[in-house]
Amino acid sequence: MNQKQNDRKDTHDSTTEFFLKVMQKEKNKKEKESAPMENLSTTTMKTLDTFSRFYNYLNQLLDKILSSRVTIMLLSFVIAAVLFYNIAGQDIISSPTSGVTIEDVAIEVEGLDDSLEITSDMPTSVTVGLIGSSLDIYSTTLSVNYEVYIDLSGYSEGSYTIDLKSRNFNDDLTVMLVPNSLDITLEEKVSQDFNLTYTFINEDQLDSKYSVSVESISLDTVTIYASETTLAKIAKVAVCIDVADKSEAFDQTCVIKAFDSDNEELDVEISPTTAEVSCSVASYSKTVPLEVNFTGEVASGYQIADYTMSQSEVTIYGLQENIDDIDSIVVNVDVSNLNSSTTFENISLNKESGINKFSADTVTVSVEIEKVVSKKLDNIAITVLNNSENYKVSFVGESGTATVSLSGSEEKIDAMSADNVTATIDIDGLSTGSHQVEVNAMVDDDKVSIELLSSSTVTITIERN
């Protein structure tokens, strides 16, 4: 009995111990599984704390940097240096030899004798090619103290080919000039006197209701020193009167300049260089029509069919007593040898004496040119004019008819017939007897010209009925 109880007790103890071990194993397993999570959570918290501390440190550091002007300048310099290196520095350091061209380098003229003038067309600039280390090229282009020049020391009148020279380039660079020489013509300067006129400047700054009249100029002539080639280009020499914002009479010291036919200023020596002017200011104006005056002859076989102007009238300004008698402004248009329709732009208006200014200084004229065709018409009956006495008029040896030629555009000539033409003789004041009279021929369209091909005179007999 006791043995059985002992066996049961041993069995119970073994079972309990087994469950206790299983439970302990499960507990250990759970502890092992939860340990990494706890470690991970601890690591995460430490990382976030460290990042937060670093972020706060950066904020404090930036606050200190941005509060100091010197620190900001140093930081900017460092950033600029980094950018420079990334953009250009690598090429400069890594490219031992390179090339570059510099456009439009001005040519300086040195050593030219005061009595001489360059009359040939000379370029004002050249292209410079540089070959060498990138660093040398870069420093040279940054300095911009280099020069290209031509030395005319010792040269006299004549034509020469002269090499261009350069200076202030880095000695380690190869310098090439394009072109590397110039063809130069030198001429002796001579003097010539010119009559002095005037021109207005800054007219766009003069109120449109005002005009300026020049009352007097202290000089009549000036002397100009230049080569004969340049003197021949001078179209006018004028005092330049500044009329900006003028509303009443004024006196002014004005610079004297020489101009060519295109109104471009010429570089010449003028003596004296200034003149005194006295001017009055008026506000009178009137509007007058523009009239075209064709000069020259169009090409043979052509004629002017029509023309148009950009404007038909212009306002003129000046003293009333000076412009009251001006009724129109003539626009001269040279049509010499034209054989096709042409537009003439910016034709200058003729500024008659007394006119201070125009509302527009130029006008555009379009001329229509057409080919001329001709037609011959025979047997045009001659009509007797002014036969107040009702005489009997007979043509001696004549048929009493005329032959004409009509010329004009093809369209108009095709429409012409004998009905459009009149041939006449005039017997006003003639008595009975034999007379030689002139034949006149007319056409009823002023765009068509007429030529009498038959005899321009006829013999008639006048008798009483």
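Let me sum up the structure you'll find in this document.

Conventions and cut-offs
Residues numbered from 1 in each chain as written. Predicted model: local features only at pLDDT ≥ 70, side-chain atom pairs only at ≥ 80, totals over all residues. Heavy atoms only, no water. Helix = DSSP H or I, 4+ residues; strand = E, 2+ residues; numbered from the N terminus. Buried < 20%, exposed > 50% of the residue type's maximum accessible area, 1.4 Å probe, protein only. Contact = heavy atoms within 4.5 Å. Areas by Shrake-Rupley, 256 points an atom, 1.4 Å probe, with all protein chains shown as cover. Arc of directions from axis to C-beta. Pairing = 2+ DSSP bridges. Disulfide = S-S within 2.5 Å. Axes fitted to C-alpha atoms, helices over the stretch in contact; angles between N-to-C directions. Salt bridge = Lys/Arg side-chain N within 4 Å of Asp/Glu carboxyl O. Phe/Tyr/Trp six-rings, centres within 6.5 Å; stacked < 30°, edge-to-face > 60°. Lys NZ or Arg CZ within 6 Å of the ring centre and 35° of its normal.

Some points on the overall build of the chain
Then, in step 1: From N to C terminus, the chain includes six helices and 31 strands.
Then, in step 2: Going through the 465 residues of the chain one by one, you find that 30% of them count as buried.
Then, in step 3: Of the contacts formed within the chain by residues at least 6 apart in sequence, a portion of 71% connects residues at least 24 apart.
Then, in step 4: Total accessible area computed for the chain in this model is approximately 29,600 Å², and 47% of it derives from carbon and sulfur atoms.

Overview of helix 3 (residues 134–143)
Then, in step 1: Regarding helix 3, the residues found buried are Ser 134, Asp 136, Ile 137 and Thr 140. Buried residues along helix 3 cover an arc of 160° about the axis, so they all sit on one side. Across from the buried face of helix 3, at angles greater than 90 degrees, the exposed residues are Leu 135 and Leu 142.
Then, in step 2: Val 144 occupies a position one or two residues after helix 3 and carries a positive phi of about 50°.

Section: the sheet that holds strand 22 (residues 357–358)
Then, in step 1: The strand order across the open sheet built from four strands is 20-17-19-22, with neighbouring strands paired in mixed fashion. Either end of the sheet is taken by a strand with one partner, and the two such strands are strand 20 (329–334) and strand 22.
Then, in step 2: Note: strand 17 (residues 285–295) against strand 20, six bridges, orientation parallel. Bridge pairing links Val 292 to Val 331 in strand 20.

Re the state of the cysteines
Then, in step 1: Here the structure, examined in full by the defined rule, presents zero disulfides.
Then, in step 2: Free cysteine: Cys 240, not disulfide-bonded; nearest cysteine sulfur from Cys 254 at 7.7 Å.
Then, in step 3: Sulfur of Cys 279: no disulfide; nearest cysteine sulfur belongs to Cys 254 and is 6.8 Å away.

Regarding the pairing of strand 9 (residues 190–201)
Then, in step 1: Two strands pair when backbone bridges link them, and strand 9 and strand 11 (residues 221–226) are joined in this way by six bridges, in the antiparallel orientation. The partner of Gln 192 across the bridge, within strand 11, is Ile 224.
Then, in step 2: Pairing between strand 9 and strand 12 (residues 236–242): six bridges, direction parallel. Pairing of Phe 200 across the sheet is with Ile 241, part of strand 12.

Section: unusual backbone geometry
Then, in step 1: Looking along the chain, the bond that leaves Val 178 and enters Pro 179 is cis, with omega of 0°.
Then, in step 2: Considering the arrangement of structural elements, one finds Pro 179 in the loop between strand 7 (174–178) and strand 8 (181–188).
Then, in step 3: Residue Pro 272 follows Ser 271 across a cis peptide bond; omega there is -5°.
Then, in step 4: Checked against the element boundaries, Pro 272 lands in the loop between strand 15 (269–271) and strand 16 (274–282).
Then, in step 5: The phi dihedral of Asn 202 falls on the positive side, at around 60°, and the residue is not glycine.
Then, in step 6: With respect to the element layout, Asn 202 can be found in the loop between strand 9 and strand 10 (211–217).
Then, in step 7: A residue is classified by how much of its surface remains accessible, and Asn 202, at 30% relative accessible area, is partly exposed.
Then, in step 8: Non-glycine residue Asn 337 carries a positive phi angle of around 65°.

A short note on the sheet that holds strand 2 (residues 116–118)
Then, in step 1: Pairing in this open sheet of three strands is antiparallel, and the strands run 2-8-5 from one edge to the other. The sheet is open, and its two edges are formed by strand 2 and strand 5 (158–163), each paired on a single side. For this sheet, the mean angle separating the axes of adjacent strands, direction not counted, is 35°.
Then, in step 2: Pairing between strand 2 and strand 8: three bridges, direction antiparallel. Bridge pairing in strand 8 places Ile 118 opposite Leu 186.

Quick notes on the pattern of salt bridges
Then, in step 1: Evaluated as defined, the whole model comprises five salt bridges.
Then, in step 2: The closest approach of N and O atoms between Asp 445 and Lys 412, which form a salt bridge, is 3.2 Å. Here Asp 445, found in the loop between strand 29 (440–443) and strand 30 (449–452), pairs with Lys 412, found in helix 6 (residues 410–414); they are 33 residues apart in sequence, far enough to count as distant.
Then, in step 3: Residue Asp 445 is classed as buried on the basis of its relative accessible area, which comes to 16%.
Then, in step 4: Look at Lys 412 and you get partly exposed, because its relative accessible area is 30%.

Quick word on the packing of aromatic side chains
Then, in step 1: Per the stated rule, a full pass over the model turns up four aromatic pairs.
Then, in step 2: Ring geometry for Tyr 155 and Tyr 160: centres 4.8 Å apart, planes at 70°, overall edge-to-face.
Then, in step 3: Residue class for Tyr 155 comes out partly exposed when judged on its relative accessible area of 28%.
Then, in step 4: Overall, the relative accessible area of 25% leaves Tyr 160 in the partly exposed class.
Then, in step 5: Where Tyr 198 meets Phe 200, the ring centres are 5.3 Å apart and the plane angle is 50°; that geometry is what we call tilted.
Then, in step 6: For Tyr 198, a relative accessible area of 32% corresponds to the partly exposed category.
Then, in step 7: The side chain of Lys 246 reaches across the aromatic face of Phe 250, ending 4.7 Å from its centre.

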